Amino acid sequence: AVTAFSATAGAKDVVVTTPVGTATLPSAFTYLAPTPALTITTDAASCVPLASTVNMNVTLSGVVSNVVAGQISLSWNPAKLSLAASNPISAGDAPFTVYYTINSAAGSATILVSIAPGGTGGPVQSKVVARLKFVAVAGACDGAGTSVGYMPGGTLPTEFTDGAGGAIVPQLVASPTFVVDD
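What you are looking at is a predicted structure, and each value in this text was computed from that prediction instead of being measured.

> Give a detailed account of the nonpolar core, specifying residues and quantitative values.
Within the largest apolar cluster, 34 residues are counted, with the highest numbers of intra-cluster contacts made by Ile72, Leu74, Ile111, Val129 and Phe160. Listed by contribution, the elements that provide at least two residues to this core are strand S3 (37-42), strand S5 (53-67), strand S6 (69-75), strand S7 (81-83), strand S9 (96-103), strand S10 (108-115) and strand S11 (122-136). Apart from the residues lying within four places of it in its own chain, the contact partners of Phe160 are Leu38, Leu60, Val67, Ala69, Gly70, Ile72, Val113, Val129, Gly166, Ala167, Ile168 and Pro170.

Okay, structure coming up:
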């Protein structure tokens, strides 16, 4: 018989059960829980024309515990990128919904992600939790200032919750820079 072990990191026993009995090999292996990550990806081509729309996905991955809500604090250079006027931030994959505030002049946004009302959440192997739509408003052919990242420490933290008071703090991976053809 095969019995699943808990998803907590640490030493795990291997137990073999046969018709004649059970044998246990204590601490036979060490389970390492995956490191949660929150990654921003973009559909930007190698050289984006000025005034073009650039779509970005914010993807949460590697979470083995239940995810029910989160807060994402983003920053960007408002001299180079502007959130689109129409539908700038939208929900990612089900079951996530989003609520947000934007400070365009400062180049920042706070996105609150939650499961749909009545949902139960669950582990997240890899899901888009929010979608962003930017417009390239200025640039240089060197790509400087065109990435979207996370607010620095000491401001609003980017983290998720498991619904039982436990924090899920993912490794934060900013978007790659891209070149705007000015």
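> Please provide a residue-by-residue account of the packing of aromatic side chains, values included.
Here the distance between the centres and the angle between the planes together describe a pair of aromatic rings. As enumerated under the stated definition, the model contains one aromatic pair in all. Consider the rings of Trp76 and Phe134, whose centres lie 5.1 Å apart with planes at 75°: the pair is edge-to-face. Of this pair, Trp76 sits in the loop between S6 and S7 while Phe134 is found in strand S11, placing the two residues 58 residues apart along the sequence. You'll find Trp76 and Phe134 in the same group, each marked buried.

> Break down a nonpolar patch on the surface for me, citing the residues and quoting the values.
A contiguous nonpolar patch, built from Val14, Val16, Leu25 and Phe29 and spanning about 320 Å² of accessible area, is present on the exposed surface. Among the secondary structure elements, those contributing two or more residues to the nonpolar patch are strand S1 (10-18) and strand S2 (21-31). Structurally, Phe29 can be placed in strand S2.

> Tell me about the environment of Leu32, and name the residues and values.
As for its placement among the helices and strands, Leu32 is situated in the loop between S2 and S3. Taking the C-alpha atoms as reference, Leu32 lies 21 Å from Thr59; in sequence the two are 27 residues apart.

Definitions and limits used
- Residues numbered from 1 in each chain as written.
- Predicted model: local features only at pLDDT ≥ 70, side-chain atom pairs only at ≥ 80, totals over all residues.
- Heavy atoms only, no water.
- Core = buried A, V, L, I, M, F, W, Y, C linked by side-chain atoms within 4.5 Å.
- Buried < 20%, exposed > 50% of the residue type's maximum accessible area, 1.4 Å probe, protein only.
- Helix = DSSP H or I, 4+ residues; strand = E, 2+ residues; numbered from the N terminus.
- Contact = heavy atoms within 4.5 Å.
- Phe/Tyr/Trp six-rings, centres within 6.5 Å; stacked < 30°, edge-to-face > 60°.
- Patch = residues over 30% accessible without salt bridge, like charges linked within 9 Å, V, L, I, M, F, W, Y side chains within 5 Å.
- Areas by Shrake-Rupley, 256 points an atom, 1.4 Å probe, with all protein chains shown as cover.
- Salt bridge = Lys/Arg side-chain N within 4 Å of Asp/Glu carboxyl O.

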